[in-house]
Amino acid sequence: ERAAALDERTKLSRDLHDGVLQGLAAANMQLRVLASTLPSGALAQIKPIRDTLADEAQRIRDFVEANRTTAVPPTGVALLAPELEKRVVRLRDLWECEIALQIEPRDLSTSLTNVRSAGHIVAEAVSNAVRHGRASHIYVQISSRESSLIIDISDNGNGFDNLSGSYTAGDLGALGAGPMSLKARAEDRGGTLYLTSSSKGTSLTFELPI
């Protein structure tokens with residue numbers, strides 16, 4: 001049953017990659033070509049549509065990558081830098097923003113699950129910062145402390161609406177505010193999220209067990 005389920009997920013990932021993902025990419029490209037022929041006023045209307053297509057494409061790409069059959073075992077330890085650096089390069093091109101990545105130490109390693117989770121967290125945080133916060137610069141720093149993997153992500157955007165100050169995951173849950181999906185991602189890994197928001201930007205800190 002496990003093998004059959006894995007086979008179905010692999011087929012679904014392939015279908016999404018070869019079908020839906022390519023269709024989204026083609027639609028976004030056609031909108032980009034169309035935008036180059038339209039007056040500036042129309043560009044503002046097209047950009048949110050392109051952003052939405054790009055965001056959905058990234059979500060599908062994340063799913064495909066997480067479920068693609070590879071030679072890498074599902075458990076074990078892996079270096080963070082190779083995966084995160086590739087992810088950041090794609091995110092820079094996708095969102096047309098500056099993203100600085102620092103990993104200390106350079107050879108920091110953690111579980112394969114954490115490597116994937118860190119990639120998903122960074123991708124979603126960048127998407128939120130650009131789309132909702134209008135950020136143009138994002139800073140990602142990853143380190144380890146005792147038995148935790150620490151992911152710090154800050155930006156120069158507008159911050160979260162109705163949030164000003166520092167909040168724990170519990171605070172955000174009580175308020176029903178903040179990045180609920182990112183909060184859930186951290187908690188799914190047995191970790192937590194801290195958020196600081198103001199009109200000058202947002203800072204997110206994730207602590208995941210190593």
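Quick look at the structure, then. Position numbers for residues start from 1 in each chain and track the written sequence from start to end. pLDDT decides what is reported in this predicted model: residues at 70 or higher carry local features, side-chain atom pairs at 80 or more are listed and counted, and totals for whole chains, interfaces and linings draw on all residues regardless. Each side-chain value is derived from all of the structure's non-hydrogen atoms; neither hydrogens nor water enter the calculation.

1. Examining the overall build of the protein chain
Logical step 1: Looking only at helices and strands, the protein chain features six helices and eight strands.
Logical step 2: When its helices and strands are written in sequence order, the protein chain yields α-α-β-α-β-β-α-β-β-β-α-α-β-β.
Logical step 3: Of all 210 residues assigned to the protein chain, the portion counted as buried reaches 40%.
Logical step 4: Counting contacts in the protein chain only where the partners sit at least 6 residues apart, residues at least 24 apart contribute 67% of the total.
Logical step 5: Carbon and sulfur atoms provide 53% of the accessible area of the protein chain, an area that totals close to 11600 Å². The secondary structure listing takes helices from DSSP runs of H or I that are at least 4 residues long and strands from runs of E that are at least 2 residues long, numbered from the N terminus. Only protein chains enter the accessibility calculation, which uses a 1.4 Å probe; a residue is then buried when its area is under 20% of its type maximum, exposed when over 50%, and partly exposed in between. By the convention used here, residues are in contact when the closest approach between their heavy atoms is within 4.5 Å. Exposure was quantified through the Shrake-Rupley algorithm and a 1.4 Å probe, taking into account, for residues, occlusion by the shown protein chains and nothing else.

2. A few points about helix H4 (residues 112-131)
Logical step 1: Under the convention used throughout, the expected extent of a helix is 1.5 Å for every residue step, that is, one less than its residue count. For H4, spanning 20 residues, the distance from its first C-alpha to its last is 29 Å, which sits close to the expected 28 Å at 1.5 Å a residue.
Logical step 2: Within H4, 18 of the 20 residues are buried, leaving the element largely enclosed by the surrounding structure.

3. Side note on helix H3 (residues 81-95)
Logical step 1: Between its first and last C-alpha, H3 extends 21 Å over 15 residues, near the 21 Å set by a 1.5 Å rise per residue.
Logical step 2: Within H3 the residues assigned to the buried category are Ala81, Leu84, Arg87, Val88, Leu91 and Trp95. Down the axis of H3, the buried set is contained in an arc of 130°. They therefore lie on one face. Away from its buried face by more than 90 degrees, H3 exposes Lys86 and Asp93.
Logical step 3: Glu96 sits one or two positions beyond H3 and adopts a positive phi of about 50°. It is the directions from the helix axis to the C-beta atoms that the arc portrays.

4. With respect to the sheet that holds strand S7 (residues 192-198)
Hydrogen bonds between backbone atoms are what pair the strands of a sheet, whose relative direction is either parallel or antiparallel.
Logical step 1: Only when DSSP finds a minimum of two bridges between them are two strands counted as paired. Spatially, the six strands line up as an open sheet ordered S2-S4-S5-S8-S7-S6, and their pairing is mixed. Two strands close off the open sheet at either side, each with one partner strand: strand S2 (98-103) and strand S6 (165-168). In this sheet, neighbouring strand axes are inclined to one another by 10° on average, regardless of whether the strands run parallel or antiparallel.
Logical step 2: In this sheet, strand S8 (residues 201-209) lies alongside S7 in antiparallel orientation, the contact comprising seven bridges. Note on S8: the bridge partner recorded for Ser198 is Gly201.
Logical step 3: To obtain an axis, a line is fitted to C-alpha atoms, over the contacting stretch when the element is a helix, and the angle between two such axes runs from 0 to 180 degrees between their N-to-C directions. Relative to S2, H3 is tilted by about 175°, and along the sheet it contacts S2 and strand S4 (137-145).

5. Things to note about the packing of H4 against helix H6 (residues 180-188)
Logical step 1: Contact pair H4 / H6: the axes reach a minimum separation of 10 Å and the direction vectors enclose 165°. With respect to H6, the axis of H4 lies roughly antiparallel. For the element pair H4 and H6, the recorded crossing hand is left-handed. Every residue of H6 that contacts H4 at His120, Ile121, Glu124, Ala125 and Asn128 is listed here: Ser181, Leu182 and Arg185.
Logical step 2: Asp, Glu, Lys and Arg are counted as charged, while Ala, Val, Leu, Ile, Met, Phe, Trp, Tyr, Cys and Pro are counted as nonpolar; the rest, among them Gly, fall into the polar class. Its residues assigned to classes, the contact of H4 with H6 shows three nonpolar, three polar and two charged. Note on terminology: angles under 35 degrees are roughly parallel, angles over 145 are roughly antiparallel, angles of 65 to 115 are roughly perpendicular, and the others are oblique. In this scheme the handedness of a crossing depends on how the near helix is turned from the far one: anticlockwise by less than a right angle means left-handed, clockwise means right-handed.

6. Some details on the environment of Leu80
Logical step 1: Note on placement: Leu80 falls in the loop between strand S1 (77-79) and H3.
Logical step 2: Residue Leu80 is classed as buried on the basis of its relative accessible area of 0%.
Logical step 3: For the pair Leu80 and Ser109, spaced 29 residues apart in sequence, the C-alpha separation works out to 5.5 Å.

7. Focus on the pairing of S4
Logical step 1: Relative to S4, S2 runs parallel, the two being bridged by six bridges. For Ala100, the partnering residue across the bridge sits in S4 and is Tyr139.
Logical step 2: Sheet topology note: the S4/strand S5 (residues 148-155) ladder contains eight bridges and is antiparallel. Bridging across to S5, Ile138 finds its partner in Asp155.
Logical step 3: Between S4 and S5, which pair antiparallel one after the other, the connecting turn spans two residues, and Glu146 there sits at a positive phi close to 55°.

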